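Structural overview for review
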Amino acid sequence: MNVFDEMMSRYEIISNEDYKNAQHEVMQQIALAGLYRGGFFRKAAFYGGTCLRIFYGLKRFSEDMDFSLLKRESGFSLQNYFEPIINEFKALGRDVIIEKKSKTHQTNVESAFLKDDTAIYNLQFRTERRVKIKIEVDTDPPQGFSTEPKLILLPFSFMTHCYTLPDLYAGKMHALLFRTWKNRVKGRDWYDFEWYIRNNIELNMDHLNKRIKQTKPDEEALSQEGLKKLLKEKLLQTNINWVKDDVRPFMKNPEDMNIWSWEYFAQLVDRIQFKS
């Protein structure tokens, strides 16, 4: 059994959705290995839902890979790391292509969440175009975050740099509050919020406010109570059934969402713990 097949064999695959999720995650780990070989983690850190899934035990699958430079670098290009990523896949018998996604116009998703200086790339198998991973790199990150080294064992043993949990939490709260998709709902944000509460993770309000200031310069800094008030207002505008529909394909046990309601999430808001 080759390493790619060994990595796939760790997943319980019953449905086509299971296979797709497993293949995405294996590709993500191989991409991380290529980035490591290229020295990427000397200047950048991993964050977002996929980071939370791979390194911190989030139960749902995640599609995209989000990275942040440790400090602003206007001339940065992920294209400098394409070769080690491609070579890592090739060593496992897989051919991939990586293309930069041009932002021809500013969509609501991008204007609400992605900054103009966030570079976006797509990675996909050369022979299976339906399997695609979006990679985003923030080249002008808000400061006030910490990172920690995290070990991964396959396709070989190596270390990445990841945002610490309080700062990952801050990034998720920023996304949850300020991501606006018109009639669409990013239910995965609410799933992740539940995970942070369930695992007693403390929220770094300082980093959250730095994120808000960068994307919403006119916004006042949020207090702890102000954050809770804003989250409950957001809940009132959120269709919980749409939340469930969005996250269902990424969950092994969708029945875990049976309790989800406005009242449930409102009580979770009251349980937020803050980093001192």
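It should be emphasised that the depicted structure is a prediction, and the values quoted were computed from it without experimental measurement. (Residues numbered from 1 in each chain as written. Predicted model: local features only at pLDDT ≥ 70, side-chain atom pairs only at ≥ 80, totals over all residues. Heavy atoms only, no water.)

Notes on the packing of helix α7 (residues 187-198) against helix α10 (residues 240-247)
Put simply, the rule is: Angles shown run from 0 to 180 degrees and are taken between the N-to-C directions of axes, each axis being a line fitted to C-alpha atoms and, for helices, limited to the stretch in contact. A run of H or I in DSSP becomes a helix once it reaches four residues, and a run of E becomes a strand once it reaches two; helices and strands are each numbered from the N terminus. When describing relative orientation, an angle under 35 degrees is termed roughly parallel and one over 145 degrees roughly antiparallel, while 65 to 115 degrees is termed roughly perpendicular and anything else oblique. Should any heavy atoms of two residues lie within 4.5 Å, those residues are counted as being in contact. Lys, Arg, Asp and Glu make up the charged group, whereas Ala, Val, Leu, Ile, Met, Phe, Trp, Tyr, Cys and Pro make up the nonpolar group; the residues left over, Gly among them, are polar.
Closest axis-to-axis distance for the α7/α10 pair is 7 Å, and the angle between their directions is 90°. Judged on the interaxial angle alone, α10 and α7 are roughly perpendicular. Along the contact surface, α7 presents G187, R188, W190 and Y191, while α10 presents V243, D246 and V247. Looking at the contact of α7 with α10 residue by residue, the class counts come to four nonpolar, one polar and two charged.

Some words on the packing of aromatic side chains
The geometry of an aromatic ring pair is captured by two quantities: the separation of the ring centres and the angle between the planes. Rules: Whether two aromatic rings pair depends on their centres lying within 6.5 Å, for rings of Phe, Tyr and Trp, where Trp uses its six-membered ring; planes under 30 degrees apart make the pair stacked, over 60 edge-to-face, and the rest tilted. When a residue's accessible area, from a 1.4 Å probe over protein chains only, is under 20% of the maximum for its type it is buried; when over 50% it is exposed; and in between it is partly exposed. The rule is short: NZ of Lys or CZ of Arg within 6 Å of the ring centre and within 35 degrees of the ring normal puts a charge over the ring.
This model, assessed by the stated rule, comprises 21 aromatic pairs. When the centroid spacing of 6.3 Å and the interplanar angle of 40° are considered together, the rings of Y11 and F61 count as tilted. Separated by 50 residues along the polypeptide, Y11 in the loop between α1 (3-8) and α2 (16-37) and F61 in the loop between α3 (49-56) and β2 (65-69) bring together distant segments of the chain. Grouping residues by exposure puts Y11 and F61 together as buried. Taken together, a centroid distance of 5.0 Å and an interplanar angle of 50° make the contact between F156 and F158 tilted. As far as the burial class goes, F156 and F158 line up, both buried. In textbook terms, an aromatic cluster arises when at least three aromatic residues are bridged by ring pairs, as seen for F40, F41, F46, F55, F67, F76 and Y81. Just above the ring of F61 sits the side chain of R53; from NZ or CZ to the centre is 4.0 Å.

Notes on the confidence of the model for the chain
Where we set the bar: pLDDT expresses how confident the predictor is about each individual residue, on a scale running from 0 to 100.
A residue-level look at the chain finds 90% of positions with pLDDT of 70 or above and a mean pLDDT of 88. Per-element confidence in the chain is highest for strand β8 (residues 202-203), whose mean pLDDT is 98, and lowest for helix α5 (residues 108-112), whose mean pLDDT is 29. Ignoring residues within four places in sequence, the model shows residues 105-116, a span with pLDDT below 50, making 26 contacts including any to other chains.

Focus on helix α9 (residues 224-236)
Rule in force here: One less than the number of residues in a helix, times 1.5 Å, gives the span that helix is expected to have. Note that the arc is defined by the directions from the helix axis to the C-beta atoms.
For α9, spanning 13 residues, the distance from its first C-alpha to its last is 19 Å, which sits close to the expected 18 Å at 1.5 Å a residue. By the burial criterion, the buried members of α9 are L227, K228, L231, K234 and L235. Burial along α9 is one-sided: seen end-on, the buried residues are contained in an arc of 120°. The exposed set on the far side of α9, more than 90 degrees from its buried face, consists of E225, K229 and L236.

Notes on the nonpolar core
Stated formally: Definition used in this section: a nonpolar core is a set of buried Ala, Val, Leu, Ile, Met, Phe, Trp, Tyr and Cys residues joined via side-chain atoms within 4.5 Å.
L32, F67, L78, F193, L203, L227 and I272 are the most contacted members of the largest nonpolar core, which totals 89 residues. Excluding its chain neighbours within four sequence positions, the residues that come into contact with F193 are Y169, M173, L176, F265, L268, V269 and I272.

Quick word on unusual backbone geometry
Between L154 and the following residue, P155, the backbone shows a cis peptide bond with an omega angle of 15°. Relative to the assigned elements, P155 resides in the loop between β6 (147-152) and β7 (158-163). One non-glycine residue, N200, adopts positive backbone phi at about 55°. Within the fold, N200 resides in the loop between α7 and β8.

Looking at the side chain of E25
For clarity, the threshold we go by: Polar contact is the term for a pair of N or O atoms within 3.5 Å; when the atoms are in protein, one must be able to donate a hydrogen and the other to accept it, and sequence-neighboring residues count only if both atoms are side-chain atoms.
Structurally, E25 can be placed in helix α2. Its relative accessible area of 7% is what places E25 among the buried residues. Here the side chain of E25 touches Y11 through a polar contact of 2.8 Å, side chain to side chain. Here E25 is in contact with Y11, R53, I54 and F61, once residues within four sequence places are set aside.

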